[in-house]
Amino acid sequence: MEKKLYFLLNQAQQKLYKEMDRETLAELGVTSAQAAALYHLQQRNGCLQAELGKALGLGKAATSGMATRLEKLGLIKRTPSPVDGRGQRLLLTVDGLQVLVKARPLLNHMNKALEGGFKEKELEVVRRYLNSIIERLG
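Residues numbered from 1 in each chain as written. Predicted model: local features only at pLDDT ≥ 70, side-chain atom pairs only at ≥ 80, totals over all residues. Heavy atoms only, no water.

(A) Inspection of helix α3 (residues 49-56) at higher detail. Among all positions in α3, only Gln49, Leu52 and Gly53 are buried. End-on, the buried residues of α3 take up no more than an arc of 100°, which puts them together on one face. In α3, the exposed positions angled more than 90 degrees off the buried face are occupied by Ala50 and Lys54. Looking at the residues trailing α3, positive phi occurs at Gly57, about 75°. (Buried < 20%, exposed > 50% of the residue type's maximum accessible area, 1.4 Å probe, protein only. Helix = DSSP H or I, 4+ residues; strand = E, 2+ residues; numbered from the N terminus. Arc of directions from axis to C-beta.)

(B) Just the pattern of salt bridges, in detail. Counted under the stated rule, the structure contains 5 salt bridges. The salt bridge partner of Arg44 is Glu51, with a shortest N-O separation of 2.7 Å. For Arg44, a relative accessible area of 45% translates into the label partly exposed. Salt bridges here are not isolated pairs; linked through shared partners, they connect Glu115, Glu120 and Arg127. (Salt bridge = Lys/Arg side-chain N within 4 Å of Asp/Glu carboxyl O.)

(C) Inspection of the side chain of Gln49 at higher detail. Mapped onto the elements of the fold, Gln49 is located in helix α3. A polar contact of 3.2 Å, which involves the side chain of Gln49, links it to the side chain of Arg78. The residues touching Gln49, leaving out its near neighbours within four places in the chain, are Thr63, Ser64, Ala67, Arg78, Gln88 and Leu90. (Polar contact = N/O pair within 3.5 Å; in protein donor to acceptor, adjacent residues only side chain to side chain. Contact = heavy atoms within 4.5 Å.)

(D) Focus on the packing of helix α2 (residues 32-43) against helix α5 (residues 94-115). Where α2 meets α5, the closest approach of the two axes is 10 Å, and the angle between their N-to-C directions is 115°. Relative to α5, α2 is oriented roughly perpendicular. When the axes of α2 and α5 are compared, the crossing they make is left-handed. Here α2 contributes Ala35, Leu38, Tyr39 and Gln42 to the contact with α5, which in turn contributes Gly96, Leu97, Val99, Leu100, Ala103, Arg104 and Leu107. Partitioned by chemical class, the residues of the contact of α2 with α5 number 8 nonpolar, 2 polar and 1 charged. (Axes fitted to C-alpha atoms, helices over the stretch in contact; angles between N-to-C directions. Parallel < 35°, antiparallel > 145°, perpendicular 65-115°, else oblique. Left-handed = near helix turned anticlockwise from the far one by under 90°. Nonpolar A, V, L, I, M, F, W, Y, C, P; charged D, E, K, R; others polar.)

(E) Up close: helix α4 (residues 60-72). In this model, α4 (13 residues) spans 18 Å end to end at C-alpha, consistent with the 18 Å of a helix rising 1.5 Å per residue. Looking at α4, one finds that the buried residues are Thr63, Gly65, Met66, Ala67 and Leu70. Those residues of α4 that are buried are in contact with α2, α3, β1 (76-80) and β2 (88-92). Immediately downstream of α4, the backbone of Gly74 shows phi near 80°, a positive value. (Expected span 1.5 Å × (residues − 1).)

Now the structure itself:
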């Protein structure tokens, strides 16, 4: 069983989330998923809440809950969409941007740890493999 890729990828993902959550909660006061939401908003500030959910692979309720928690933390601001009466636009606040500045070293550290012991050519194969999964199942 330990050689089946599905189970290895699933186990690796769970361990990565657990470790990253531990670090981001301790250092930033947010989970890794919340940090990912902030990163998305840094790239697409003012996007619709539904767009954020789609980008993160979350359903409506989970996205709404996350947005509510981020808003309560003062990291984002929600405003009504001028185009879609039911939609909410999400905007990063100054505090949200500060969390992202603090998050960068954590992500760099995690990436270096993940890449440790591998040659660049090996990492290229891993990246190509993971991207192929995302593209095929995306």
